[in-house]
Every structure is written in structure tokens, then in C-alpha cells.
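# Structural description and commentary
As a plain string of letters, each chain reads:
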Amino acid sequence: MYYAIIARDVPGSLDKRLAARPAHLQRISDLVDEGRVLVAGPHPAIDSEDPGPAGFTGSLIIAEFASLEAAQAWAAEDPYTTSGVFESVDIKPFKRVLP
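Everything numeric in this text was worked out from a predicted model, so none of it was measured.

## Here's the deal with the overall build of the protein chain
When you go through the protein chain residue by residue, the secondary structure sums to 3 helices and 4 strands. The linear arrangement of helices and strands in the protein chain, starting from the amino end, is β-α-β-β-α-α-β. Taking 99 residues into account, the globule formula puts the C-alpha radius of gyration at 13 Å, and the protein chain, at 13 Å, falls close to it. Along the first, second and third principal axes, the C-alpha set of the protein chain runs to 35 × 30 × 25 Å. Out of the 99 residues in the protein chain, the part that is buried amounts to 30%. Considering only residue pairs separated by 6 or more positions, the protein chain has 73% of its internal contacts joining residues 24 or more positions apart. Only carbon and sulfur atoms are counted for the fraction: they give 55% of the accessible area of the protein chain, which is about 6,000 Å². Mean positive and mean negative side-chain charge positions of the protein chain (9 and 14 charges, respectively) differ by 5 Å.

## Observations concerning the layout of surface pockets
Space inside the largest pocket adds up to approximately 200 Å³. Along the wall of the largest pocket there are 14 residues; nearest its centre are Arg17, Arg21, His24, Leu25 and Pro42. Of all the elements in the fold, those that place two or more residues in the lining of the largest pocket are helix 1 (14-33), strand 2 (37-44) and strand 3 (56-64). Among the elements that take part in the lining of the largest pocket, helix 1 stands out by supplying 6 residues, more than any other. Here the residues of the lining of the largest pocket sort into 9 nonpolar, 3 polar and 2 charged.

## Details of the environment of Leu38
Within the fold, Leu38 resides in strand 2. Between the C-alpha atom of Leu38 and that of Pro53, which follows or precedes it by 15 residues, the distance is 28 Å. Not counting chain neighbours up to four residues away, the residues in contact with Leu38 comprise Tyr2, Ile62, Ala63, Phe94 and Arg96.

## Focus on the pattern of salt bridges
Taken as a whole and assessed by the stated rule, the structure comprises 4 salt bridges. Note that Arg8 is salt-bridged to Asp90, the shortest N-O span being 2.9 Å. Highlighted residues: Arg8 in strand 1 (residues 2-9) and Asp90 in strand 4 (residues 86-94), separated in sequence by 82 residues. Given the relative accessible area of 38%, Arg8 is considered partly exposed. Residue Asp90 is classed as partly exposed on the basis of its relative accessible area of 33%. For Glu34, the salt bridge identified is with Arg36, shortest N-O distance 2.6 Å.

Definitions and limits used
- Residues numbered from 1 in each chain as written.
- Predicted model: local features only at pLDDT ≥ 70, side-chain atom pairs only at ≥ 80, totals over all residues.
- Heavy atoms only, no water.
- Helix = DSSP H or I, 4+ residues; strand = E, 2+ residues; numbered from the N terminus.
- Rg over C-alpha atoms; globule rule 2.2 N^0.38 Å.
- Buried < 20%, exposed > 50% of the residue type's maximum accessible area, 1.4 Å probe, protein only.
- Contact = heavy atoms within 4.5 Å.
- Areas by Shrake-Rupley, 256 points an atom, 1.4 Å probe, with all protein chains shown as cover.
- Lys, Arg positive; Asp, Glu negative; His and termini not counted.
- Charge placed at Lys NZ, Arg CZ, Asp CG, Glu CD.
- 1 Å grid on protein atoms, 1.4 Å probe; cavity = no way out; pocket = protein on both sides within 12 Å on 5 of 7 lines; lining within 4 Å.
- Points joined across faces, edges and corners; volume = space filled by probe spheres on them.
- Nonpolar A, V, L, I, M, F, W, Y, C, P; charged D, E, K, R; others polar.
- Salt bridge = Lys/Arg side-chain N within 4 Å of Asp/Glu carboxyl O.

Here it is, written out as C-alpha cells:
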């Protein structure tokens with residue numbers, strides 16, 4: 001089943017985010033290689049693809065996991081979580097309807 005991982009950044013965490021980004025992207029790339037990612041990306045803090053120093057307010061990952069517990073365990077080990085980028089992480093089952 002798919003799960004939506006909805007994360008909110010700690011205000012002012014752009015430097016931490018940039019430092020942890022390569023490891024974070026590698027973990028997601030592993031899921032992509034396994035065909036498990038529906039969509040993934042950050043929420044810019046301003047209405048721009050490249051928000052520059054404004055940074056980001058969080059991230060969304062919708063990926064397939066065996067269970068809610070597996071999705072929670074994966075998110076708990078994400079570099080953005082372990083390095084203090086994420087202030088909170090909500091994980092919810094996601095039912096793909098369209099497209």
C-alpha cells in the first residue's frame with residue numbers, strides 16, 4: 001500500500017537540510033529504483049521552484065511500504081529526521097485513484 005509521509009521543517013533549518021540532502025536523496029533513490037515511489041519533493045517556502053535562502057517548509061513523499069509500521073520506521077531513519085530538519089512527520093495510508 002502507498003503511504004503519504006508529510007513532514008514539516010524546523011524553521012531556519014535550511015543549512016541542516018542542505019547538509020543532509022545527499023543522504024536523503026540516496027534513500028529515496030533506493031525506493032525509486034525498487035519502483036516504490038509515486039511522488040516525492042519539498043515544499044518551497046515561497047512561490048518559486050528555487051526559493052533560495054527562503055528555504056523550504058517541509059516535504060512530501062508518497063511511497064509503497066509493506067505496512068504503516070514499515071513506513072514509520074523508514075521515515076524515522078531518514079537523514080532529514082535524524083539531523084533535525086524535520087519538526088514533525090505525519091504518515092497516513094494513501095489510496096491512489098487518479099491518474
